[in-house]
Amino acid sequence: MKDQYRDLVQKACAARLNSHSPYSNFRVGAALLASDGRIFVGTNVENASFGLSNCAERTAIFTAVTAGATEFEAIAVCADGTEPTAPCGACRQVLVEFGLDIVVLIAGENGPDETVRQTTVRELVPDAFVTFKDHSREGS
Ligand code: THU
């Protein structure tokens, strides 16, 4: 894994430590690398009204969009447990919105020192639902 991706995984694991997850006790962090080099992090934020909880990946994506970044190269996800935990379906669909070629790095709590799965949004969401007409976002 290239150094830039190791760094992204480390930042995701660091963000995980800020998780507000008193209901599930399952901490998740995400770090999103924008095409302009900026990195946006997110964590899962739960609520007593469970359905209001937000995943780490979407926190990172929404933070990035708020800052004006909409083109992304990669996202790292780091969850509790030594085995990598793949992003949920909702977060996959939100990632689809920004590009099927985004690299997805999936790590366990030990970060880049243990197995990190490297995949893409395209692989995680085969036959994705898209409505946009800008085919540059679909890849080839
Ligand atoms: N969670 C994430 O942050 N990302 C995912 O992709 C899956 C689930 C969070 C939501 C909730 O706070 C906790 O993990 C348990 O489901």
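Q: Would you take a moment to explain the state of the cysteines for this structure?
A: Put plainly, a disulfide is one covalent bond tying together the sulfur atoms of two cysteines. Counted by the stated rule, this structure contains one disulfide. Between cysteine 13 and cysteine 78 runs a disulfide, and the two sulfur atoms are separated by 2.2 Å. Sign of the S-S torsion, about 100° for the bond between cysteine 13 and cysteine 78, identifies this disulfide as right-handed. Highlighted residues: cysteine 13 in helix α1 (residues 3-16) and cysteine 78 in strand β3 (residues 72-79), separated in sequence by 65 residues. Like cysteine 78, cysteine 13 is buried. Cysteine cysteine 55 shares no disulfide, and the gap to the nearest cysteine sulfur, in cysteine 91, comes to 3.8 Å. Free cysteine: cysteine 91, not disulfide-bonded; nearest cysteine sulfur from cysteine 88 at 3.8 Å.

Q: Would you take a moment to explain the site of the ligand for this structure?
A: In the vicinity of the ligand, the contacting residues are Ser24, Phe26, Val28, Asn44, Glu46, Cys55, Ala56, Glu57, Pro87 and Cys88. The separation between an oxygen atom of the ligand and a polar main-chain atom of alanine 56 is 2.9 Å. Side-chain polar atom of glutamate 57 to an oxygen atom of the ligand: 2.7 Å apart, as the coordinates give it. When the free accessible area of the ligand is taken as 380 Å², the share hidden by the protein chains comes to 77%. Its residues assigned to classes, the shell around the ligand comprises six nonpolar, two polar and two charged.

Q: Just checking my understanding: could you explain the pattern of salt bridges for this structure?
A: Pairs can form between side chains of opposite charge once their charged atoms are near each other. Evaluation of the coordinates by the stated rule reveals eight salt bridges. We note a salt bridge from aspartate 80 to arginine 16, for which the minimum N-O separation is 2.7 Å. With a gap of 64 residues between them, aspartate 80 in the loop between β3 and α3 (89-96) and arginine 16 in helix α1 connect regions that are remote in the sequence. We classify arginine 16 as buried; its relative accessible area is 6%. Taking the shortest distance from any N to any O, the salt bridge between aspartate 101 and arginine 122 comes out at 2.7 Å. Highlighted residues: aspartate 101 in the loop between α3 and β4 (103-107) and arginine 122 in helix α4 (residues 121-124), separated in sequence by 21 residues. Aspartate 101 gets classed as partly exposed once you look at its relative accessible area, which sits at 45%. Three or more residues joined by partner-sharing salt bridges are found here, namely Arg16, Arg27, Asp80 and Glu109.

Q: What should I look at first to understand the packing of helix α2 (residues 56-66) against α3 in this one?
A: Relative placement of two packed helices is described by the angle separating their axes and the distance separating the axes. Where α2 meets α3, the axes come as close as 9 Å, and the angle between the chain directions of the two elements is 25°. Viewed along their axes, α2 and α3 adopt a mutual orientation that is roughly parallel. Crossing of α2 against α3: the hand is left-handed. Residues Glu57, Arg58, Ile61 and Phe62 of α2 form the contact with α3, whose participating residues are Ala90, Cys91, Val94 and Leu95. By residue class, the composition of the contact of α2 with α3 is six nonpolar, no polar and two charged.

Cut-offs applied
- Residues numbered from 1 in each chain as written.
- Predicted model: local features only at pLDDT ≥ 70, side-chain atom pairs only at ≥ 80, totals over all residues.
- Heavy atoms only, no water.
- Disulfide = S-S within 2.5 Å.
- Helix = DSSP H or I, 4+ residues; strand = E, 2+ residues; numbered from the N terminus.
- Buried < 20%, exposed > 50% of the residue type's maximum accessible area, 1.4 Å probe, protein only.
- Near = heavy atom within 4 Å.
- Polar contact = N/O pair within 3.5 Å; in protein donor to acceptor, adjacent residues only side chain to side chain.
- Areas by Shrake-Rupley, 256 points an atom, 1.4 Å probe, with all protein chains shown as cover.
- Nonpolar A, V, L, I, M, F, W, Y, C, P; charged D, E, K, R; others polar.
- Salt bridge = Lys/Arg side-chain N within 4 Å of Asp/Glu carboxyl O.
- Axes fitted to C-alpha atoms, helices over the stretch in contact; angles between N-to-C directions.
- Parallel < 35°, antiparallel > 145°, perpendicular 65-115°, else oblique.
- Left-handed = near helix turned anticlockwise from the far one by under 90°.
- Contact = heavy atoms within 4.5 Å.

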